2 protein chains.
Amino acid sequence: MSVLPKSVENVVNEFSKLPGVGPKSASRMTYHYLRSPNKDATKLGEALIQMDEKTKFCSQCFNVTDSDICDICSSTLRDHTKLCIVEEPLDVVAFEDSGIYNGLYFVLGGVISPADGITASELRFKELEERVNSVINENDTVLEIIVATNPSLEGEATASYIQEIFKTAVKEDKIHISRLAMGLPTGADLEYADRLTLKRAFEGRRDI
Amino acid sequence: MSVLPKSVENVVNEFSKLPGVGPKSASRMTYHYLRSPNKDATKLGEALIQMDEKTKFCSQCFNVTDSDICDICSSTLRDHTKLCIVEEPLDVVAFEDSGIYNGLYFVLGGVISPADGITASELRFKELEERVNSVINENDTVLEIIVATNPSLEGEATASYIQEIFKTAVKEDKIHISRLAMGLPTGADLEYADRLTLKRAFEGRRDI
């Protein structure tokens, strides 16, 4: 005989599916709601259902949005001669929070990862080409593409793939492609830096 | 300009209210659902709303349940001459998972804690008395009450308060009250045990 009523168990099960949430944490989260007097569970529940109903991908950059074209793509205040290619919508949030970038984005939806069975055809490379072409046509100047995939093996491979796609356009001076710098993060201890990071930091050394 | 659509931000806000979940974890949890293709957010959402709608407190033991009287209270297979008093519904789960107990429960709904402004009147002492009287009337034998509040200052104070309530009934041999043993937990290192735990373990030493 299970002690938990079915309706409570369902919530525990759903919470357990979250990354990094075990059965113990899932129970704790569920019981938090059972204790709360303000129908907070219903509030979260409605927010979740609304999110599933309302959010879609921006038809231009594939970031999550409530509208057809997201606020960034439709903004005239953003620099439409820069396009930053990221893996996931959360990467856009990271850039926006930092406040260092005022251009457009393109969300690939992942990276090429043969180990996980993710090939180029599963990512939005076709949509990327279309987007790049339409931005080029929109402006007269060179389009600057910043490849901001993660500094992992897969991220590197994906960056090379992007470089390959736009090879001709780069030669024709329509596009300029750069990649985020790799090196030591702020506050890092050189002593504990891994070999690859140190190698990249050394290769990327700059005159002072 | 916020990057996150309103509907996504709502979910992040609601998740952030959970104990031990900061804004970063809340975002990660939310984005997990944005990535998932199976409308998992809606599943959790509906489970939460259902839980708020369906669960109530058992009218006898005040554990959470889907029905008017919970499965434990209504079971004839349980020992109705034992009543274990716990603070929270999760404590019932802990006992049931351990499989060591086959009696009834009573959920107090907390402990007396003047520091948090929780006085005896906010807990279910009146309901406890009623429950105890009805169980006594139901059986011919002595009712064994096991006080299983947490081994904290507040838990101790609450245990004393319960003892006080049933003083007369204990004298009249209608009730026998015991408290969970305190001492060293399994696998503990004596060297690192705190003073109070060691004191209780010493006081509670048993012949071997």
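Per an unreviewed UniProt entry, chain A carries the name Recombination protein RecR and comes from Candidatus Dojkabacteria bacterium. According to UniProt, the comment filed for chain A under the heading Function (unreviewed entry) is "May play a role in DNA repair. It seems to be involved in an RecBC-independent recombinational process of DNA repair. It may act with RecF and RecO." According to UniProt, the comment filed for chain A under the heading Sequence similarities (unreviewed entry) is "Belongs to the RecR family."

### A word on the pattern of salt bridges
Inspection of the entire model under this criterion finds 18 salt bridges over all chains. One salt bridge connects Arg 78 of chain B with Glu 96 of chain B, and the closest N-O pair in it is separated by 2.8 Å. Of this pair, Arg 78 of chain B sits in the loop between α4 (71-74) and β3 (79-86) while Glu 96 of chain B sits in helix α5 (residues 89-98), and the two are 18 residues apart along the sequence. The residues Arg 78 of chain B and Glu 96 of chain B share a single accessibility class, namely buried. The closest approach of N and O atoms between Asp 79 of chain B and Lys 82 of chain B, which form a salt bridge, is 3.2 Å. In the salt-bridge network here, residues are joined through shared partners; they are Glu 156, Arg 179 and Arg 200 of chain A.

### Notes on the relation of the copies chain B and chain A
Note on the identical chains: chain B maps onto chain A by a rotation of 180° and an axial translation of 0.0 Å, with an RMSD of 0.1 Å. Put plainly, the chains are arranged around a two-fold axis. Identified as the residue of chain B closest to the rotation axis by C-alpha distance is Gly 45 of chain B, at 1.8 Å. The fraction of interface residues of chain B whose copies in chain A are also interface residues reaches 98%, indicating that both copies meet through the same surface.

### Section: the UniProt feature "zinc finger region: C4-type" (unreviewed entry) in chain A
Per the UniProt record, "zinc finger region: C4-type" (unreviewed entry) is annotated on residues 58-73 of chain A. Along residues 58-73 of chain A the backbone is 19% helical and 12% strand, and the end-to-end C-alpha distance reaches 8 Å.

### Topic: the environment of Ile 100 of chain B
Structurally, Ile 100 of chain B can be placed in the loop between α5 and β4 (103-107). Residues Ile 100 of chain B and Pro 5 of chain B, spaced 95 residues apart in sequence, show a C-alpha to C-alpha distance of 50 Å.

### Description of the confidence of the model for chain A
For chain A, per-residue confidence averages 89 on the pLDDT scale, and 99% of positions sit at 70 or higher. For this predicted complex, the interface confidence reaches an ipTM of 0.72, while the overall pTM sits at 0.71.

### Some details on the interface of chain B and chain A
In this assembly, 53 residues from chain B lie in contact with 52 residues from chain A. Overall, the association of chain B and chain A removes approximately 4700 Å² of surface from exposure, summing both partners, and the carbon and sulfur fraction of that is 73%. Between the two partners, chain B and chain A, sit zero salt bridges. Mapped by element, the contributors of at least two residues to the side of chain B that touches chain A are α1 (6-16), α2 (23-35), α3 (40-54), β2 (64-65), α4 and α5 of chain B. A total of 14 residues in the side of chain B that touches chain A trace back to one element, the largest contributor, which is α3 of chain B. Tallied by class, the residues present in the side of chain B that touches chain A amount to 26 nonpolar, 12 polar and 15 charged.

### Brief notes about the state of the cysteines
By the definition in use, this model includes zero disulfides over all chains. Looking at Cys 84 of chain A, it has no disulfide partner, and the nearest cysteine sulfur is the one in Cys 61 of chain A, 11 Å off.

### Observations concerning the environment of Ile 49 of chain B
Relative to the elements of secondary structure, Ile 49 of chain B occurs in helix α3. Owing to a relative accessible area of 17%, Ile 49 of chain B belongs among the buried residues under this scheme. Taking the C-alpha atoms as reference, Ile 49 of chain B lies 35 Å from Val 135 of chain B; in sequence the two are 86 residues apart. Non-local contacts of Ile 49 of chain B, meaning those with residues more than four positions away in its chain, are made with Thr 42, Gly 45, Glu 46 and Ile 49 of chain A.

### Topic: the side chain of Ser 27 of chain A
With respect to the helices and strands, the residue Ser 27 of chain A is situated in helix α2 (residues 23-35). Of the residues examined, Ser 27 of chain A reaches a relative accessible area of 17% and is grouped as buried. Of note is the side chain of Ser 27 of chain A, whose polar atom sits 2.9 Å from the backbone oxygen of Pro 23 of chain A. When sequence neighbours within four positions are dropped, the list of residues in contact with Ser 27 of chain A reads Val 12 of chain A together with Leu 90 of chain B.

### Structural notes on helix α1 (residues 6-16) of chain A
For α1 of chain A, the complete set of buried residues consists of Ser 7, Val 8, Val 11, Val 12, Glu 14 and Phe 15 of chain A. Considered in projection along α1 of chain A, the buried side chains sweep an arc of 165° and stay on one side of the axis.

### Considering helix α5 (residues 89-98) of chain A
Think of an α-helix as 3.6 residues a turn; residues three or four steps apart then line up on the same face. All of the buried residues in α5 of chain A are Pro 89, Asp 91, Val 92, Val 93, Phe 95 and Glu 96 of chain A. Of the residues trailing α5 of chain A, Gly 99 of chain A is marked for its positive phi of about 70°.

### Things to note about the nonpolar core
Counting residues in each nonpolar core, the largest one holds 38 residues, and the members touching the most others are Phe 15 and Leu 48 of chain A together with Phe 15 and Leu 48 of chain B. Counting only elements with at least two residues in this core, the list comes to α1, α2 and α3 (40-54) of chain A together with α1, α2 and α3 of chain B. Apart from the residues within four sequence positions on either side, Leu 48 of chain B is in contact with Val 11, Phe 15, Tyr 33, Ala 41, Leu 44, Gly 45 and Leu 48 of chain A.

Rules and cut-offs
Residues numbered from 1 in each chain as written. Chains lettered and ligands numbered in written order. Predicted model: local features only at pLDDT ≥ 70, side-chain atom pairs only at ≥ 80, totals over all residues. Heavy atoms only, no water. UniProt positions renumbered as here; feature names shortened; annotations may be inferred. Salt bridge = Lys/Arg side-chain N within 4 Å of Asp/Glu carboxyl O. Helix = DSSP H or I, 4+ residues; strand = E, 2+ residues; numbered from the N terminus. Buried < 20%, exposed > 50% of the residue type's maximum accessible area, 1.4 Å probe, protein only. Least-squares fit on C-alpha atoms with pLDDT ≥ 70 in both. Contact = heavy atoms within 4.5 Å. pLDDT = per-residue confidence, 0-100. Buried area = accessible area lost by both parts, 1.4 Å probe. Nonpolar A, V, L, I, M, F, W, Y, C, P; charged D, E, K, R; others polar. Disulfide = S-S within 2.5 Å. Polar contact = N/O pair within 3.5 Å; in protein donor to acceptor, adjacent residues only side chain to side chain. Arc of directions from axis to C-beta. Core = buried A, V, L, I, M, F, W, Y, C linked by side-chain atoms within 4.5 Å.

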